[in-house]
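So you can see what is in the structure, the chains are spelled out below.
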Amino acid sequence: MKGNVVVCPDMIKKRNGMPVPFDVKKIRDAIRKANDAARVEAIAPYQFETLVDAVVEAIPEGKTPNVEQVQDLVEEKLIENGFAKTAKAYILYRAEHTKVRKTEADLVDIYRELTFTSAADADIKRENANIDADTSMGTMLKYGSEGANYFVDNYILPKDIAAAHINGDIHIHDKDFYMLTETCCQIDLIKLFRDGFSTGHGYIRQPRSIASYAALACIAIQANQNEMHGGQSVPNFDYAMAEGVACTFRKEYYDAVQRYFWLEHDCEQALEEDFRQALKDAVPERITMANIDDYEAHFVKWFMECWEMWLKEKPKEQDIRRCHQTSVRIALKETDMATYQAMESLIHNLNTMNSRAGAQVPFSSINYGTCTSPEARMAVRNLLKVTDIGLGNGETAIFPVQIFKVKEGINYNPGEPNYDLFRLAIKVSAKRLFPNFSFIDAPFNLQYYKEGDYNTEIAYMGCRTRVMGNHYDPKQEVTCGRGNLSFTSVNLPRLGIKAHKNIKVFYRELDKQLALCCRQLLHRFEIQKKKTVKNYPFLMGQGIWMGSDALGVHDQVGEILKNGTLSVGFIGLAETLTALTGAHHGESEESRKLGHEIIAHMRDYMDQKSQETGLNFTLLATPAEGLSGRFVRIDRKRFGRIPGVTDREYYTNSFHVPVYYPINAFEKIRIEAPYHALTNAGHISYVELDGDTAKNPEAFEAVIRCMKENGIGYGSVNHPVDRDPVCGYTGVIDEVCPRCKRREGEPVSIERLNELRKKYPDVPVYLDANH
Amino acid sequence: MAGKVVPNNGQVGEHVKFDRIRRITGYLVGTTDRFNNAKRAEEKDRVKHSLS
């Protein structure tokens, strides 16, 4: 201890910002209380005074500290001086108080805001942009959600974890669902349809046409969405739809053959079921779009042998060939039309059908692009065509998120079987923002890939979630029937700020947060484990989740849930690096290196945790929506406005180069790609193009190829897609609509629109009764 | 997205906004009206990336 007297600051800022006189007694009392609580760790009187002085001395001279800063210092000094148990008690004490402050009377205030404020004025009602919180059911959902959060914060979470969430060290995503369910699932439609299924009121048998395949795909997505808190994804959309297309093709072919004999040979008997059955029985292999010629040989042989059963006169062989060929042509045409309609209804359904008590449409994603059968290609071609045309008035479809799986040898280079679909996907994405692109050839995806097995092709959820590796069961490193269980994000920038440029301190604190997150994920997992099949009539009851078909209604799902992932995410690597080094990874090579080290460290931590527990702990580049503003709001209050760190309304998404930073597209891809390899729970990179560049397919393809060559896992190109609902123009609109020349909110005359329609047929028709 | 566009006195489009489709956390949203404050700020800050 120094001989001279320690100088206290005059004032201290309370949490509400009000300065009050500084009272050192409060520090003394707090430490004493914590020490009492720690029991076994007595602090001697002289040590006590040293400690208090050390705290006061550490307060920067000439500045008015705030309460949180002083509390940080108390924690720091307790640890520095070896009073670990007292420090722990102090942290708990602090946590408890944060919590009490936060929750007192909060719920009623929240309900009041939800009830009496419109979404336009209440940020709380715009946490998820795809939920309309102005509707009754949207508000009901928010009531439930806020009530559940209150309950979980106060009665379920361990105190330090609740406090860490409330004070913004971590963010427990979908905390309102803590007691209920898991995040998401990748649905194997092929498996589901093969056995038929039930959604609760009656059994649905295996569908027999592309129309039913598409309709039931929507039903399956919707049913699952109602049992989970995240989105739903179909990893093998083209493979699944191919089976539906094949059904329709067969049906159309048989129909056409029957009609041919009816019309050409006046044989009414051919229209009957006997004839159809005889044809099916006679030719062992069923007709598909891929075996048309082989089938012709069988068909001709069969008919020339048994013509007497159906016809009066022996037909010419040539005539039977013509029957087959005409029927194939008709069947292909009819099937193509039916497929178009099925894909159209799928997109319309997924944008209009409701889930969760009508509060939102299901968050759906479909992955496709690798199945090379003619049936699958027909499905994808039509899906892209429908997407290109848009909804009823030409609007861009918001759902499903479409993901085109890029794979060398299948669709990446000219001459490969699905290269035409890749090109079409680019054209559509340039107009409609979908599809996005995933890359099976990225080494961390390719390691699982087995040719011809869709289950080993990487798939992504719309939000970016990825589930593939499997520590729990290494024989099941597949996509279908698995998903994320829950995820929690670390406030990385705060660790950056608090480390005061000391990397060692940063890592020490980071490890603490990672440990806390993992402990919390396991706490939640313990709750999830005890659910039984009856809690998930569709997901588990219909055998969608891996291993659930072997369970009875009252069996717990704990064991099979282990195929899912527990993920720790992060936000704001850019701000973290700026806090640590003064520059983010877009600006400085050195930061790039450090950024990679930090994220690699986090990944190692998760891998180690997986080893320890036999569970799938994975690292996520968090898709932060509500969170993007939440952390920075709290941090700005606590640390003030730090340039490049807390001076904007949001923390930068995951490992992204900040959106405001001007950078070349290819350079951005090169900087972000290495993080894709590390974030095994999911990732996405965006490139922002202006409208004209995006319209240039060569430029667009160059961006996608650059992503692939640099080892990006999942990426997409953003460009402005605006639409004037009045004249139907889709494209970029700045201030004035380029087509009808109106400004936002201004009217145009019906005459003018009628005039425009002569040139642009998609201008909507308006009938004015009073005019 | 905009609701129904109804003509009035031979005019169409008074108070009707433009749809502006943007991607946010992987999902598309039909209008920035429902973005939360932080995401609105982020969307406003986005700069285009050059290809040369």
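Since this is a predicted model, take the numbers as computed values, not measurements.

A. Region of interest: the pattern of salt bridges. Residues and elements named next belong to chain A. As enumerated under the stated definition, the model contains 52 salt bridges over all chains in all. We note a salt bridge from Arg-28 to Glu-49, for which the minimum N-O separation is 3.4 Å. With Arg-28 in helix H1 (residues 24-38) and Glu-49 in helix H2 (residues 45-58), this pair connects stretches of sequence that are 21 residues apart. Since its relative accessible area comes to 26%, Arg-28 is described here as partly exposed. Taking relative accessible area as the criterion, Glu-49 reaches 29% and is therefore assigned partly exposed. For the salt bridge of Glu-667 with Arg-592, the shortest nitrogen-to-oxygen distance reads 3.9 Å. Here Glu-667 is found in helix H23 (residues 665-678), whereas its partner Arg-592 is found in helix H21 (residues 589-613), with 75 residues between them in sequence. For Glu-667, a relative accessible area of 28% gives the class partly exposed.

B. Structural detail: the sheet that holds strand S7 (residues 232-234) of chain A. Residues and elements named next belong to chain A. The seven strands lie next to each other as S4-S7-S8-S9-S10-S15-S14, forming an open sheet whose pairing is mixed. At either margin of the open sheet sits one strand with a lone partner, and together these are strand S4 (185-186) and strand S14 (685-688). In the packing of helix H10 (residues 237-265) onto the sheet, the strands contacted are S7 and strand S8 (364-368), and the crossing angle to S8 comes to about 80°. Sheet strands touched by helix H14 (residues 374-389): S8 and strand S9 (401-406). Its angle to S8, the strand with the most contacts, is close to 135°.

C. The arrangement of the interface of chain B and chain A in detail. At the junction of the two partners, chain B supplies 45 residues and chain A supplies 78 residues. Summing the contributions of chain B and of chain A, the shared interface buries around 5,200 Å²; its carbon and sulfur component is 57%. A salt bridge links Glu688(A) to Arg46(B), with the nearest nitrogen and oxygen atoms 4.0 Å apart. Contributing elements (two or more residues each) for the side of chain B that touches chain A: strand S1 (11-12), strand S2 (19-24), strand S3 (27-29) and helix H1 (37-45) of chain B. If you tally residues by element for the side of chain B that touches chain A, the top one is H1(B), at seven residues. Class assignment of the residues belonging to the side of chain B that touches chain A gives a composition of 17 nonpolar, 14 polar and 14 charged. Bridge count between strand S16 (residues 721-723) of chain A and S2(B): three bridges; the pairing is antiparallel. When the bridges of S2(B) are listed, Asp722(A) appears paired with Arg20(B).

D. Highlighting the domain arrangement of chain A. With domains assigned, chain A is organised as domain 1 (11-101), domain 2 (167-182 + 485-683), domain 3 (241-339) and domain 4 (733-759). Once you take the C-alpha centre of each, domain 1 of chain A and domain 4 of chain A turn out to be 65 Å apart.

E. Representation of the packing of aromatic side chains. Residue and element names in this part refer to chain A. Summed over all chains, the structure comprises 30 aromatic pairs over all chains. The interplanar angle of 45° and the centroid separation of 5.3 Å between the aromatic rings of Tyr-239 and Tyr-454 together place this pair among those described as tilted. Here the residue Tyr-239 occupies a position in helix H10, and Tyr-454 occupies one in the loop between helix H16 (443-446) and strand S11 (484-491), the gap between them amounting to 215 residues. Taken together, a centroid distance of 5.7 Å and an interplanar angle of 70° make the contact between Trp-302 and Phe-303 edge-to-face. Of the aromatic side chains, those joined through ring pairs into one cluster are Phe-237, Tyr-368, Phe-404, Tyr-412, Tyr-419, Phe-422, Phe-437 and Phe-700. One cation-aromatic arrangement involves Lys-407 over Tyr-449; the distance from NZ or CZ to the ring centre is 5.1 Å. In this arrangement the basic side chain of Arg-739 is found over the ring face of Tyr-760, its NZ or CZ atom lying 4.2 Å from the centre.

Quick notes on the rules
Residues numbered from 1 in each chain as written. Chains lettered and ligands numbered in written order. Predicted model: local features only at pLDDT ≥ 70, side-chain atom pairs only at ≥ 80, totals over all residues. Heavy atoms only, no water. Salt bridge = Lys/Arg side-chain N within 4 Å of Asp/Glu carboxyl O. Helix = DSSP H or I, 4+ residues; strand = E, 2+ residues; numbered from the N terminus. Buried < 20%, exposed > 50% of the residue type's maximum accessible area, 1.4 Å probe, protein only. Pairing = 2+ DSSP bridges. Contact = heavy atoms within 4.5 Å. Axes fitted to C-alpha atoms, helices over the stretch in contact; angles between N-to-C directions. Buried area = accessible area lost by both parts, 1.4 Å probe. Nonpolar A, V, L, I, M, F, W, Y, C, P; charged D, E, K, R; others polar. Domains from an automatic or database assignment. Phe/Tyr/Trp six-rings, centres within 6.5 Å; stacked < 30°, edge-to-face > 60°. Lys NZ or Arg CZ within 6 Å of the ring centre and 35° of its normal.

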